[in-house]
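Fold and geometry: a report
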Amino acid sequence: MSLKCGIVGLPNVGKSTLFNCLSSAKAQSANFPFCTIEPNVGMITVPDERLNKLADICHPQRGIIPTTVEIVDIAGLVKGASKGEGLGNKFLANIRETDAILHVLRCFDDDNVVHVDGSVDPLRDKEIIDTELQLKDLETVESRIVKCEKQAKAGGDKQAKAMLELLLRYREALSQGKSARTVELENKEQQLMAKELMLLTGKPVLYVCNVDEQSAATGNRYVETIRQMAQAEHAQYMVISAKIEAEIAELESAEERQMFLEEIGLQESGVNRLIKAAYSLLELRTFLTAGSDEVRAWTFREGMKAPQCAGVIHSDFERGFIRAEVIKYDDFIALGGESQCRNAGKLSIEGKDYLVKDGDIMHFLFNV
C-alpha cells in the first residue's frame, strides 16, 4: 500500500530540517527561500514497539520488517503561487500527488533565520498557504463545473449531475475561504467523486508547530494560537523542535537518544510522534504476521475486512481467500506464542466479513 505525506509550509520554516530528521535522505537546508526546488522523497519506517516484543518470542530468522510511509519535502510556497508566482505551479503539482499534508508552521523567534514575510506569525503563514491552495482548487472546480453542466444537459448523465451537485457545494465553500475538507461527504459515491477530483484542500492536514529548544516540551504563545485554530477546524496539531530532532539524529545509540530526551523533559522523540500522527491522520492501522521466518507489520485502512487485508500481502491471498486465523496481540504476548494461544482457545477463525483490528496477528488461508 503506497502512502505519501507532503511536508509543506512557507520558505524557511524548518521543512527540510524536519525532513532530514525523518528520512535517511538528506535534503539541502539553508537560510534562503527556495532552497528546496525539486521535492525530496524519503521512505520512513513507522515506529512500532510491538514488533520487538513479538521478535523476542518468535526469534525470526529474517528479523523484523516494519511498515513504511513515504515523506515528500515540497518547495516553499509564497503569495501568488496559485497564479504561478515563485515555484507555485511546481509546488501545487507536487502536493496534488500526496495523500495527506504535514503543514509546518514557524513558531520560534530567531533573528538569524530570515522570514519570507519579515516577521513571525504562524496564523498568517497558515492562511497564506490555505488561500493559495483554495484559489487553485476553486480554479479546478470552476473548470469541472463547466464540463459537468454540458454533460448533464446534453445526455441527462446521472453521474454528471451527481458530480455537479458536489462541485457546486465545493465552489460555495471555497468562495467563502473554506477548505474543501470542510464539505461533509454524505455517502460512498461522493467520497469516490471527491477522491477523483484530487482537490488540494480536500486532503487531511496535520499542523506541525516548529518551536525553539526551550519550548519543545511546553509549547509557547505561538503554539497556543495554533491550538485554538486547530480546535476550531477540528484538525490535529503537534509541537516539535526541528533543531532538537537534528541533534537527536546525530546521536548513535538508542541509550544516548533516550537520555537526551529525558534531560529536556520528553518521553519520545518528535520524529516518532510525527510519524505516528501522520499514520493516524491517514486513518491507517497495522496488522501483524509473526513466525520463525519473520515478524512483519502490514498497513491497512481502518474499516478493511479480512480478504482486503489478505490482499495487502498478495493479490492471490484476496482472490482465493478462505478464512483467517486471528490472535490478539495482548494474548500472544501474555501466553508466549501461537501454539500456546491455540491451546488456550485464544485463536479465532474469521471469515470474509471480519473487520480487522489494529494489532491483530493474522494468518490467511487461501486457494487459487
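Residues numbered from 1 in each chain as written. Predicted model: local features only at pLDDT ≥ 70, side-chain atom pairs only at ≥ 80, totals over all residues. Heavy atoms only, no water.

Turning to the overall build of the chain, a few remarks are in order. Within the chain, the regular secondary structure consists of 14 helices and 12 strands. Burial analysis of the chain (368 residues in total) assigns 47% to the buried set. Counting only carbon and sulfur atoms, one obtains 48% of the accessible surface of the chain, whose full area is about 18300 Å². (Helix = DSSP H or I, 4+ residues; strand = E, 2+ residues; numbered from the N terminus. Buried < 20%, exposed > 50% of the residue type's maximum accessible area, 1.4 Å probe, protein only. Areas by Shrake-Rupley, 256 points an atom, 1.4 Å probe, with all protein chains shown as cover.)

On to the environment of Gly303, then. Position of Gly303 among the secondary structure elements: in the loop between strand 9 (295-301) and helix 11 (306-313). Under the relative-accessibility criterion, Gly303 is labelled partly exposed at 48%. Once residues lying within four places of it in the same chain are set aside, the contact partners of Gly303 are Gln308 and Leu355. (Contact = heavy atoms within 4.5 Å.)

Let's shift gears to the nonpolar core. Counting 51 residues, the largest nonpolar core has Leu22, Ile71, Leu102, Val208 and Leu274 as its most contacted members. Among the elements that make up this core, the one with the highest residue count is helix 10 (residues 270-281) (7 residues). Ignoring any residue separated from it by four or fewer positions in sequence, one finds Val208 in contact with Leu18, Leu102, His103, Val104, Leu105, Met238, Ile240 and Leu274. (Core = buried A, V, L, I, M, F, W, Y, C linked by side-chain atoms within 4.5 Å.)

A separate point is the pattern of salt bridges. This model, assessed by the stated rule, comprises 24 salt bridges. As a salt-bridge pair, Glu142 and Arg171 come within 3.3 Å of each other at their nearest N and O atoms. Of the two residues, Glu142 is situated in helix 4 (residues 122-155) and Arg171 in helix 5 (residues 158-175); the sequence distance between them amounts to 29 residues. Residue Glu142 is classed as partly exposed on the basis of its relative accessible area, which comes to 32%. The class for Arg171 is partly exposed, based on a relative accessible area of 29%. We note a salt bridge from Glu294 to Arg296, for which the minimum N-O separation is 3.8 Å. Overall, Arg296 belongs to the partly exposed group, its relative accessible area being 25%. A network of salt bridges, in which partner residues are shared, links Arg62, Asp293, Glu294 and Arg296. (Salt bridge = Lys/Arg side-chain N within 4 Å of Asp/Glu carboxyl O.)

Right, let's get into the sheet that holds strand 7 (residues 236-240). Taken in spatial order, the 6 strands make up an open sheet running 2-4-1-5-6-7, and their pairing is mixed. Of all strands in the sheet, those bounded by a partner on one side alone are strand 2 (40-45) and strand 7. Averaged over all pairs of adjacent strands, the angle between strand axes in this sheet comes to 25°, irrespective of strand direction. The pairing of strand 5 (residues 100-106) with strand 6 (residues 205-210) spans 6 bridges and is classified as parallel. Considered in strand 6, the bridge of Leu105 is made with Cys209. Contacting strand 1 (4-8), strand 2, strand 4 (68-73), strand 5, strand 6 and strand 7, helix 10 runs over the sheet at an angle of about 170° to strand 7. (Pairing = 2+ DSSP bridges. Axes fitted to C-alpha atoms, helices over the stretch in contact; angles between N-to-C directions.)

This part is about helix 8 (residues 242-250). Within the sequence span of helix 8, burial applies to Ala242, Ile244, Glu245 and Ile248. The buried residues of helix 8 occupy an angular sector of 155° when the element is viewed end-on, so they sit on one face. Projecting away from the buried face of helix 8 at angles above 90 degrees are the exposed residues Lys243 and Glu250. The elements touched by buried residues of helix 8 are helix 1 (15-22), strand 6, strand 7, helix 9 (254-263) and helix 10. (Arc of directions from axis to C-beta.)

No statement about biological role is implied by the geometric values presented.
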